[in-house]
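# Topology and contacts: notes
Spelled out from the first residue to the last, the chains are:
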Amino acid sequence: MKRSLLLLVFAFLASTILAEKTVPNTTGAAGGTIKGIVKDKDLKTAIEYATVSVYRMADSSLVNGTITNSKGEFALKQLKPGRYYAEISFIGYNKKTVRNIPIAKNRRLADLKEIMLTQASEALGEVTVSAERLPVQYQIDKKVIPVSRQLTTASGNAVDVLESVPSINVDIEGNVSLRGSSSFTVLVDGRPSILEAADILTQMPASVIDNIEIITNPSAKYDPEGSSGIVNIITKKGKLKGTSGVVNLNIGNFGNRGADFLVNMRKNKFNFHFGLDYNNRNFSGSRETENWTTTADGKTTYVFSDGDTDRERLGYGLRTGFDYEIDTKNLITLGIRYGGREMNMGSDLDYTDYFTINGGTPSPKQDYTSTDDWNREMEFYNANFSYQRKFKGKGHQLLTQLNYSYRDGDEKSKTERQQNGTIVDGKKATEKGPGAHLDIRADYTLPLGGKSKFEAGYRAKLRNSEDITTQSDYISGSYEIQEEYNKEVDYKKDVHSVYALYADKAGILGYQVGLRSEYTDREIKFKGVSEGFTINRWDFFPTLHTQIDLKEGNQLMASYTRRIQRPRGWNLEPFVTWTDAYNKRQGNPSLKPEYIDSYELGFQKRIGEQSISFETYYRMTHNVMEHIRRPDQELENVMVSTTENVGTDYSLGIETMLNLSFAKWFKNDLIGNIYHYKIEGDYTLSDGTSQIDFSTESFNWSLRNNSTFMFNKTTRFQVNVMYHSASKKAQGERKGFFTANLGLKKEFFKRKLSATLQARNILGTAKHENINEGPGFYNYSKFDRQWPSIKLNLSYKINNYKKKRDPKEDMEEFEM
């Protein structure tokens, strides 16, 4: 099946390319040409990858299209005599139209000269510009997705935004995966954070995000950490002169609320920004579980539960910074972020349990209630400094960066079981400790003439943290400290890396080849234990990216990268930690890192504002780290979770995105992903006598559709639907689910004020069902989230800078 899927994809790509190369020339070699250069109006720099489409004036039919090169240049040739108009657009800029372009037998060249595009947020006198940013921009090593198109996520966070992003899957509980893997790296403005990926995504409001970059096959320039790639969140920053900003306020049912603002002041060579954000989100719902375990003597214990659960995430943050252009060759940037977050989870569940011996008569049922409370509070801050030095020659530069992060927090949990109003048993646990990250990097770029360039750099990632855990059990009417569960851990990991990269373009073929080498120095120490766990290892990561620019702006891209996923600190801690009355967790200090070989082949075809793209990917992961669940050997109906290296897994799939613009009032984005997943391996039970085969495979698919209706220049309506199929894993299955969302946006006061009303999970179909099973146990859980979630977002733009249009900038002959 895998071979057939690959053959089908390659056959389609080959036939498309051949079809383009064999289209007869109906216009003749002596046709006319329209050319020009596209630039940023304020920065006066060339814009690469801008889209240029040419239409007939008579009937507005599309004639041809292309994209600009690295110098902003474009040329559309072999045009028949007649009058045309051209539309020029690029992500983040207002679209510009040039009308009445004549082509005649005695005038075959129409030179539009320099076409200046303005930033999409700029006010142009009395002129109202309606710019629709492209849904996805493809570059040689990443995809760029503008957030402004997604009306259904205006009041949400980064997780909500990612629901409609290619290559990303989000389940009903907000867990994010990239191409089916939860092991990926999250960057903010290209910089790492001390927070975990999930924490970054949940605490960042969607309203402060400008673009999201998805890098599934990063080049040697990027950190290879993260098995499935990198998600880079680009935050909004002011680019206008004077003072500008935006204020957002959102409120919804179920206690959801938030607010943020960002103000930017730019004057001459100095730019300063300041922002605050606050966000409170609720994930309440109902839960039911079914569990059984069987011991060696044939006793099977059954436990059933159902009830309500509450999840609340509160986050707040402050960010400020400035950049100063010392002169045309020297730029310094300083940024500071401070924030905090608090997460609360609680549940009140009714339990019923009983047991059987060798399938005999069930014992009398026991009924009781369980109350679980979990709280985690944390504060963090981050400071980053960068210095950019430009040398003689375009693109010749050295960029140095220093990034420091610190966090400190406390985690508390309490579980109590009661029967007839009396506490039967209970557990309390705490965990606290600070952590610090220091990143130092230097990146050098040397143009070698033409399209070729050489890049090299160094990076140091220095990490250290401390964790202190305690546990108390309810004994004889009070909680008593359990010394065997009290632990102190010091964790240190330093990674030093160097890389080199060479890129060039020969005709229509562009390529980029790189090599990265990393040295890892890791040490874990446990208080009271003389022996620690250390690693000293060199790793090498080659990368290759190619891109073929075909006719009319179509592109064919192929790449290979090698990546690594190192174990997290909590995966390595060898001691036991209770998570609730029925579950324990134990780390594995012998875990090896995963090594990933990743291949991609992509094709993009543009037809005016329509586009279709295909990406075929194949990923092979060695030393797969898998979460293993097994019954406890001493306690009945208690499960132990740990992590093991179990073998090798394989993912082969194809991702398709179709962007259609049927009319000026309707746009549609359709994203489909299908892949075959297979894992081969085994693991040894804790008794050391039995090996369990871990092998399984499944076909998985997902479908997402965004339909946007533009009733007029200030009113839009969006419908978003998505389905994720069931997916098998080594010890069970995750059931499929469907969800639908709506969004309505209206703008007022010359677009300074906008109101967005959104309704999520309107059909109540977004459920999370999960099955885990293995020798001697079965676990089933189901979570139904409250629905529908309704939110209202108000956004007000501050802009005291208006730039009058200069008639001299418009071309005398053509109408702009």
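Residues numbered from 1 in each chain as written. Predicted model: local features only at pLDDT ≥ 70, side-chain atom pairs only at ≥ 80, totals over all residues. Heavy atoms only, no water.

## A closer look at the overall build of the chain
Tallying secondary structure elements over the chain gives 4 helices and 47 strands in all. Relative to its full complement of 816 residues, the chain shows a buried share of 51%. Sequence separation of 24 or more characterises 66% of the internal contacts of the chain that already satisfy a separation of 6 or more. Summed over all atoms, the accessible surface of the chain reaches about 37,300 Å², with 55% contributed by carbon and sulfur. (Helix = DSSP H or I, 4+ residues; strand = E, 2+ residues; numbered from the N terminus. Buried < 20%, exposed > 50% of the residue type's maximum accessible area, 1.4 Å probe, protein only. Contact = heavy atoms within 4.5 Å. Areas by Shrake-Rupley, 256 points an atom, 1.4 Å probe, with all protein chains shown as cover.)

## What about the packing of aromatic side chains?
The description of an aromatic ring pair rests on the distance of the ring centres and on the angle between the ring planes. Per the stated rule, a full pass over the model turns up 21 aromatic pairs. Ring plane angle 5° and centroid distance 5.3 Å describe the contact between Tyr351 and Tyr368, whose orientation is recorded as stacked. Here the residue Tyr351 occupies a position in strand 20 (residues 330–357), and Tyr368 occupies one in strand 21 (residues 366–390), the gap between them amounting to 17 residues. An identical accessibility class is assigned to Tyr351 and Tyr368; each is buried. Taking the centre distance of 4.9 Å and the plane angle of 40° together, the rings of Tyr560 and Tyr599 count as tilted. (Phe/Tyr/Trp six-rings, centres within 6.5 Å; stacked < 30°, edge-to-face > 60°.)

## Observations regarding the sheet that holds strand 34 (residues 625–631)
Spatial strand order, 30-31-35-34: 4 strands in an open sheet with mixed pairing. Where the open sheet ends on each side, the last strands, each with one partner, are strand 30 (576–580) and strand 34. The mean inter-strand angle of the sheet, taken between neighbouring strand axes irrespective of direction, is 30°. Looking at chain direction, strand 31 (residues 583–586) and strand 35 (residues 639–645) are connected through 3 bridges and run parallel. Its bridge partner being in strand 35, Lys584 is matched across the sheet by Val640. (Pairing = 2+ DSSP bridges. Axes fitted to C-alpha atoms, helices over the stretch in contact; angles between N-to-C directions.)

## Observations concerning the sheet that holds strand 4 (residues 73–79)
Strand order in the open sheet made by the 3 strands is 4-1-7, with mixed pairing throughout. Each edge of the open sheet is held by one strand with a lone partner, namely strand 4 and strand 7 (109–117). Neighbour to neighbour, the strand axes of the sheet diverge by 15° on average, direction disregarded. The pairing of strand 1 (residues 32–40) with strand 4 spans 5 bridges and is antiparallel. When the bridges of strand 4 are listed, Ile37 appears paired with Glu73.

## Some words on the nonpolar core
Membership of the largest hydrophobic core comes to 21 residues, with the highest contact counts inside it found for Ile34 and Ile88. Here the element with the most residues in this core is strand 7; it accounts for 4 residues. Membership of the second largest hydrophobic core comes to 19 residues, among which are Ile145, Val147, Val176 and Val208. (Core = buried A, V, L, I, M, F, W, Y, C linked by side-chain atoms within 4.5 Å.)

## Looking at the pattern of salt bridges
Pairing between side chains of opposite charge can happen when their charged atoms approach one another. This structure, assessed with the given rule, holds 26 salt bridges. As a salt-bridge pair, Glu411 and Arg376 come within 3.9 Å of each other at their nearest N and O atoms. With a gap of 35 residues between them, Glu411 in strand 22 (residues 397–419) and Arg376 in strand 21 connect regions that are remote in the sequence. Residue Arg376 is classed as partly exposed on the basis of its relative accessible area, which comes to 28%. Among the salt bridges present, the one from Arg566 reaches Glu518, with a minimum N-O distance of 2.8 Å. With Arg566 in the loop between strand 29 (555–565) and helix 4 (569–572) and Glu518 in strand 27 (residues 509–526), this pair connects stretches of sequence that are 48 residues apart. Of the residues examined, Arg566 reaches a relative accessible area of 4% and is grouped as buried. The network of salt bridges with common partners includes Asp223, Asp439, Arg459, Lys461 and Arg463. (Salt bridge = Lys/Arg side-chain N within 4 Å of Asp/Glu carboxyl O.)

## Some details on unusual backbone geometry
A cis amide bond, omega -15°, links Trp787 with the succeeding residue Pro788. Residues other than glycine seldom take positive phi values, yet Lys113 does so here, at roughly 55°. Its place among the elements puts Lys113 in strand 7. Taking the relative accessible area as the measure of exposure, Lys113 reaches 54% and is therefore exposed. The phi dihedral of Phe254 is positive, around 60°, even though this residue is not glycine. Summarising the element assignment, Phe254 is placed in the loop between strand 15 (242–252) and strand 16 (257–267).

## As for a negative patch on the surface
On the surface, Glu288, Glu290, Asp306, Asp308, Asp310, Asp348, Asp350, Asp367 and Asp373 cluster together into a negatively charged patch. Listed by contribution, the elements that provide at least two residues to the negative patch are strand 18 (285–294), strand 19 (299–327), strand 20 and strand 21. Looking at the negative patch element by element, the count peaks at 3 residues for strand 19. By the element assignment, Asp310 lies in strand 19. Judged by relative accessible area, which is 45%, Asp310 ranks as partly exposed. (Patch = residues over 30% accessible without salt bridge, like charges linked within 9 Å, V, L, I, M, F, W, Y side chains within 5 Å. Lys, Arg positive; Asp, Glu negative; His and termini not counted. Charge placed at Lys NZ, Arg CZ, Asp CG, Glu CD.)

## Thoughts on the confidence of the model for the chain
For the chain, mean pLDDT is 82; residues scoring 70 or higher make up 83% of the total. Segment residues 1–29 is flagged for pLDDT under 50; beyond a separation of four residues in sequence, or across chains, it makes 29 contacts in the model. (pLDDT = per-residue confidence, 0-100.)

## Observations regarding the pairing of strand 40 (residues 715–724)
Note that strand 39 (residues 696–712) and strand 40 share 10 bridges and pair antiparallel. If you follow Asn705 over to strand 40, its bridge partner there is Val721. Where strand 39 hands over to strand 40, the hairpin turn is made up of 2 residues, counted between the paired strands.

## Looking at a nonpolar patch on the surface
Where nonpolar side chains cluster on the molecular surface, the patch consists of Leu249, Ile251, Phe711, Leu744, Leu757, Ile790, Leu792 and Leu794 and spans about 700 Å² of accessible area. Contributing elements (two or more residues each) for the nonpolar patch: strand 15 and strand 47 (789–799). Of note, Leu792 is situated in strand 47.

## As for the pairing of strand 1
Along strand 1, 7 of the 9 residues are buried, which leaves the element largely enclosed by surrounding structure. Both strand 1 and strand 7 contribute to a ladder of 7 bridges, which runs parallel. Within the sheet, the bridge partner assigned to Lys39 lies in strand 7 and is Met116.

## What about the environment of His437?
For His437, the location among the structural elements is in strand 23 (residues 422–449). Residue classification places His437 among the buried positions, given a relative accessible area of 18%. Taking the C-alpha atoms as reference, His437 lies 5.8 Å from Tyr404; in sequence the two are 33 residues apart. A distance of 3.2 Å separates the side chain of His437 from the side chain of Arg463, its partner in a polar contact. (Polar contact = N/O pair within 3.5 Å; in protein donor to acceptor, adjacent residues only side chain to side chain.)

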